[in-house]
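Each chain, written out:
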Amino acid sequence: MTDIKCPSCGGKLEIDPNNSNMGICGQCNKPYAVQWIHSRSTGKDKLDLRFVPEKMDYQPVKKKGPKKSGWEPYGWKRGVALVILFFVLMGIMYGPKVYRRYQMDHGGIAIESQEQP
Ligand SMILES: [Zn+2]
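Residues numbered from 1 in each chain as written. Predicted model: local features only at pLDDT ≥ 70, side-chain atom pairs only at ≥ 80, totals over all residues.

Peer 1: Requested: an account of the overall build of the protein chain, with residues and values cited.
Peer 2: Helix and strand content of the protein chain: two helices and five strands. Helices and strands in the protein chain line up, N terminus first, as β-β-β-β-β-α-α. Counting only residues that meet the buried cut, the protein chain has 5% of its 117 residues in that class. Nonlocal contacts in the protein chain, meaning residues at least 24 apart in sequence, comprise 6% of its contacts between residues at least 6 apart. (Helix = DSSP H or I, 4+ residues; strand = E, 2+ residues; numbered from the N terminus. Buried ≥ 20, exposed ≤ 12 C-beta atoms within 10 Å, placed from the backbone. Contact = placed C-beta atoms within 7 Å.)

Peer 1: Which residues make up the nonpolar core, and what values do they have?
Peer 2: Core analysis: the biggest nonpolar cluster contains five residues, these being Cys6, Leu13, Cys25, Tyr32 and Val34. Residues contacting Val34, with those up to four places away along its chain left out, are Ile4, Ile15, Asn21, Met22, Gly23 and Leu49. (Core = buried A, V, L, I, M, F, W, Y, C linked by C-beta atoms within 7 Å.)

Peer 1: Could you give an account of the sheet that holds strand β4 (residues 31-38), naming the residues involved and the relevant values?
Peer 2: Read across the open sheet, the five strands follow the order β1-β2-β3-β4-β5; overall the sheet is antiparallel. On the outer flanks of this sheet lie β1 (4-5) and β5 (45-51), each paired with one strand and no other. One ladder, built from two bridges, connects β1 with strand β2 (residues 12-15); its direction is antiparallel. Within β2, the residue paired with Lys5 across the bridge is Lys12. (Pairing = 2+ DSSP bridges.)

Peer 1: Tell me what's going on with unusual backbone geometry, and back it up with residues and numbers.
Peer 2: In this model, Asn29 sits at a positive phi of 60 degrees, which is unusual for a non-glycine residue. The residue Asn29 is located in the loop between β3 (22-25) and β4 in this model.

Peer 1: So what's going on with helix α1 (residues 76-105)? Residues and values would help.
Peer 2: Helix length check: α1 (30 residues) gives 37 Å between terminal C-alpha atoms against 44 Å at 1.5 Å per residue, more than 12% under. By the largest-angle criterion, Tyr94 marks the main kink of α1, which is about 65 degrees, and a proline, Pro96, follows within four residues. When you tally the buried positions in α1, you get zero out of 30 residues, a small fraction of the element. The first or second residue beyond α1 is Gly107, which carries a positive phi of 65 degrees. (Expected span 1.5 Å × (residues − 1). Bend = angle between axes of the 7 residues up to and from the residue.)

Peer 1: Account for the confidence of the model for the protein chain, with residues named and values stated.
Peer 2: Of all residues in the protein chain, 79% attain a pLDDT of 70 or more, and the chain-wide mean is 81. Model confidence for the protein chain, summarised as mean pLDDT per element, is weakest for helix α2 (residues 111-115) at 54 and strongest for β2 at 93. (pLDDT = per-residue confidence, 0-100.)

Peer 1: Outline the pairing of β3, listing residues and values.
Peer 2: Each regular strand displays side chains that alternate between the two surfaces of the sheet. Residues of β3 alternate between two faces, with Gly23 and Cys25 buried on one and Met22 and Ile24 left unburied on the opposite face. For β2 and β3, the ladder comprises three bridges, and the chain directions are antiparallel. Within β3, the residue paired with Leu13 across the bridge is Cys25. Linking β2 to β3, which pair antiparallel, is a turn of six residues. Pairing between β3 and β4: three bridges, direction antiparallel. Its bridge partner lying in β4, Met22 is registered against Ala33.

Structure, rendered in structure tokens:
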């Protein structure tokens, strides 16, 4: 088997004895997914190296602490959401009326005055 070179530093890539699809650079310790792709046109195996971001060992810092999110039963965000919901519902229920009233007040529509004799 030929030596595989690390694409980033040129060091020798050590194949993981437990997983032949994994290689780790002996110099920079970067993990790579090693794959041999057999090419039918040339009859040779082509090496496919892919850098593996260390997502397996790396734990993103996303701790769920006791910090208040505002979505508690009496949290402020919930209160704001309820108020917004209230106005949306009012808008749906009274929107057309208010709109018509607004147009009347501002002379937007002259239908009413035209109907009068
Ligand atoms: Zn390397």
